[in-house]
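# Coordinate analysis (summary)
What follows is the residue order along each chain.
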Amino acid sequence: MNSPGTSKRSPTRIDRILARELFDSRGKPTVEVELFCSGGSGRAIVPSGASTGQYEACELRDHDARRLGGAGVSRAVQNVLSEISPRLVGQDAADQAEIDRVLCELDGTVNKTRLGANAILGVSLAAAHAAAAAAHISLVDHLHQLWKPISVSIGLESPAASQPTLGAPGLPLPMVNMISGGLHAGQNLDFQDFLALPVGAPTFRQGLEWIVDIYHALATRLTAAGYEGCLVGDEGGFGPRLGDHEQAIEFLLAAIEQVGLRPGVDVSLAIDVAATHFHTADGYRLNCQRGELWSAGQLIDLFDRWTRQYPIVSLEDPLSDDDWDGWREITMRLGGRVQLIGDDLFVTNGARLRQGVENRVANSVLIKLNQIGTLTETLTTLKMAFAAGYAPVISARSGETEDVTIADLAVATGAGQIKIGSVARSERLAKYNQLLRLSERTEWNTWLGKELWRFRWNGAG
Ligand code: PGA
Ligand code: ZN
């Protein structure tokens, strides 16, 4: 079907859409879409989570036990070829909002369960890549053009939203996974990621270099202490069989000091607790504490203590995605001095984020494209976060590929923070390397890491 405004000769007219099944960093099948316009083509590969939230858009898998353990995505691929392609050929790939509207309409379900968010996101992102190629501009420029005009009003605007730097393009602060637990590393620790943030770095490159030094120092220390120093989890963080969480924090602090940096000044810490994944009907079950059941209040007490005792400035999913009471309490107690990121809680979903803002829950939101399923919806949630004064963090998934779109997205939108994983495994480094490339361009190289970092460790306790 041709859209009336798109002449056959327009370089961004969609001519053909291909899809195929490839493999991600865990050797799991995933969808790649390649979209051809008259003036150029583009392609995108969809990532996949392990500690997924129950409210995420649907990742359509074959569930055919005869092939690839049932994890095949041939149905999603087929949906691109037989349903989406005929509907979008002739449309304008540069009109991202319309492409994404058509995709959602064609699917017709709330959580993209019919066509699959993996099929839909592949097409949505491939359209952006192709439109950029056809216009002979880089992806980051194209994404910035899409980002700028999006405006949202949620009626709950925060004074922080008027800060001029928010949402202007620039290089994000990397939140880098150093020690992994939870579903990403054999569940030896209950909490999923222990991260380092180069908050005091003068530039993005310097910050990343610090992180690389710390990573290698940590490997040496873990090995010397008799742990499996170089075995890494899904995101490249080390997965040693430590006895408890505080040991992970202490190892990390020692590694920072070993390379001559100051914890809390040059490099701060963050934890992705991913609490949804050890939450049971009876409470939070901590294997590290011999299977004890903890209440939300006890967890909050622990985080209150830790964020005073250690330079921990950010906590992600400190409570489960249905524990709104716990979230309200932790926001009240810690929200003024600690970044509280909703990942499973918000699932990049505008409606859930709005609910969070209305209930004064969290003060930051993780942004993952495949949690919601289209580029336009992702940009809208991101704008909503800025409007509400919630700090956005662009994030990869634990199952990733060589696709680096999120690096361009983080810079184009000036999100301010990015969480890709560690500085090992090429699906992670591909994105850091793209950020380094972008840092060479003066129009994009404003370092937002320092400027945007709102929560500084107060050194108390
Ligand atoms: P996931 O983990 O991609 O396995 O969901 C990432 C995260 O929890 O932030
Ligand atoms: Zn998370």
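Calculation rules
Residues numbered from 1 in each chain as written. Chains lettered and ligands numbered in written order. Predicted model: local features only at pLDDT ≥ 70, side-chain atom pairs only at ≥ 80, totals over all residues. Heavy atoms only, no water. Pairing = 2+ DSSP bridges. Helix = DSSP H or I, 4+ residues; strand = E, 2+ residues; numbered from the N terminus. Contact = heavy atoms within 4.5 Å. Axes fitted to C-alpha atoms, helices over the stretch in contact; angles between N-to-C directions. Core = buried A, V, L, I, M, F, W, Y, C linked by side-chain atoms within 4.5 Å. Buried < 20%, exposed > 50% of the residue type's maximum accessible area, 1.4 Å probe, protein only. Parallel < 35°, antiparallel > 145°, perpendicular 65-115°, else oblique. Left-handed = near helix turned anticlockwise from the far one by under 90°. Nonpolar A, V, L, I, M, F, W, Y, C, P; charged D, E, K, R; others polar. Donors = N, O, S within 2.8 Å, 3.2 Å for Na, K, Ca; no water. Near = heavy atom within 4 Å. Polar contact = N/O pair within 3.5 Å; in protein donor to acceptor, adjacent residues only side chain to side chain. Areas by Shrake-Rupley, 256 points an atom, 1.4 Å probe, with all protein chains shown as cover.

### Overview of the sheet that holds strand S7 (residues 279-280)
- With antiparallel pairing, the 3 strands of this open sheet are ordered in space as S7-S8-S9. Whereas interior strands pair on both sides, the edge strands pair on one side only; in this sheet they are S7 and strand S9 (292-294).
- Relative to S9, strand S8 (residues 283-286) is paired through 3 bridges, and the arrangement is antiparallel. Of the residues in S9, the one forming a bridge with Leu286 is Glu292.
- Packing of helix H7 (residues 296-309) onto the sheet brings it into contact with S8 and S9, and relative to S9 it is tilted by some 85°.

### Points about the nonpolar core
- Judged by nonpolar contacts, the single largest core of 142 residues is most densely connected at Leu35, Met178, Phe191 and Phe303.
- When residues in this core are grouped by element, the largest group, 12 residues, is from helix H3 (residues 117-134).
- Apart from residues lying up to four places away in sequence, Met178 is in contact with Phe194, Leu195, Ala196, Ile211, Ile214, Tyr215, Leu218, Gly237, Phe238 and Leu252.

### Regarding the packing of H3 against helix H4 (residues 139-147)
- Closest axis-to-axis distance for the H3/H4 pair is 9 Å, and the angle between their directions is 110°. Taken together, H3 and H4 sit at an angle that is classed as roughly perpendicular. Handedness of the H3/H4 crossing: right-handed. Between H3 and H4, the residues in contact are Ala128, His129, Ala131 and Ala132 and Leu139, His142 and Leu143, respectively.
- When grouped by side-chain class, the residues that make up the contact of H3 with H4 number 5 nonpolar, 2 polar and no charged.

### Considering the coordination of the zinc ion (ligand 2)
- Summarising the metal site, the zinc ion (ligand 2) is bound by the protein donors Asp272 (OD), Glu316 (OE) and Asp343 (OD), whose distances to it range over 2.0 to 2.3 Å.
- One chain supplies every donor for the zinc ion (ligand 2), spaced along it as D-x43-E-x26-D. With a gap of 27 residues between them, Glu316 in strand S10 (residues 312-316) and Asp343 in the loop between strand S11 (339-342) and helix H9 (350-358) connect regions that are remote in the sequence. As far as burial versus exposure is concerned, Glu316 and Asp343 are alike and both buried.

### Considerations on the site of ligand 1
- In the neighbourhood of ligand 1, 14 residues make up the surrounding shell, with Ala50, His184, Arg397, Ser398 and Lys419 lying closest.
- Glu316 is positioned such that a nitrogen or oxygen atom in its side chain is 3.1 Å from an oxygen atom of ligand 1.
- In the model, an oxygen atom of ligand 1 is placed 3.1 Å from a nitrogen or oxygen of the Asp343 side chain.
- Relative to its unbound accessible area of 280 Å², ligand 1 is 99% covered by the protein chains.
- Of the residues assigned to the shell around ligand 1, the class counts are 2 nonpolar, 5 polar and 7 charged.

### Things to note about unusual backbone geometry
- Positive phi values are uncommon outside glycine, yet Ala274 reaches one of about 50°.
- One non-glycine residue, Thr348, lies in the positive phi region at around 55°.
- By the secondary structure assignment, Thr348 is in the loop between S11 and H9.

### Digging into the sheet that holds strand S5 (residues 193-197)
- Spatially, S4-S5-S6-S10-S11-S12-S13-S14 is the arrangement adopted by the 8 strands of the closed barrel, whose pairing is mixed. Between one strand and the next, the sheet's axes are offset by a mean angle of 30°, whatever the strand orientation.
- Its contacts with the sheet place helix H5 (residues 204-224) against strand S4 (173-180) and S5, and it is angled at close to 10° to S4.
- Running at roughly 145° to strand S14 (residues 417-421), helix H13 (residues 426-438) makes contact with S4 and S14 of the sheet.

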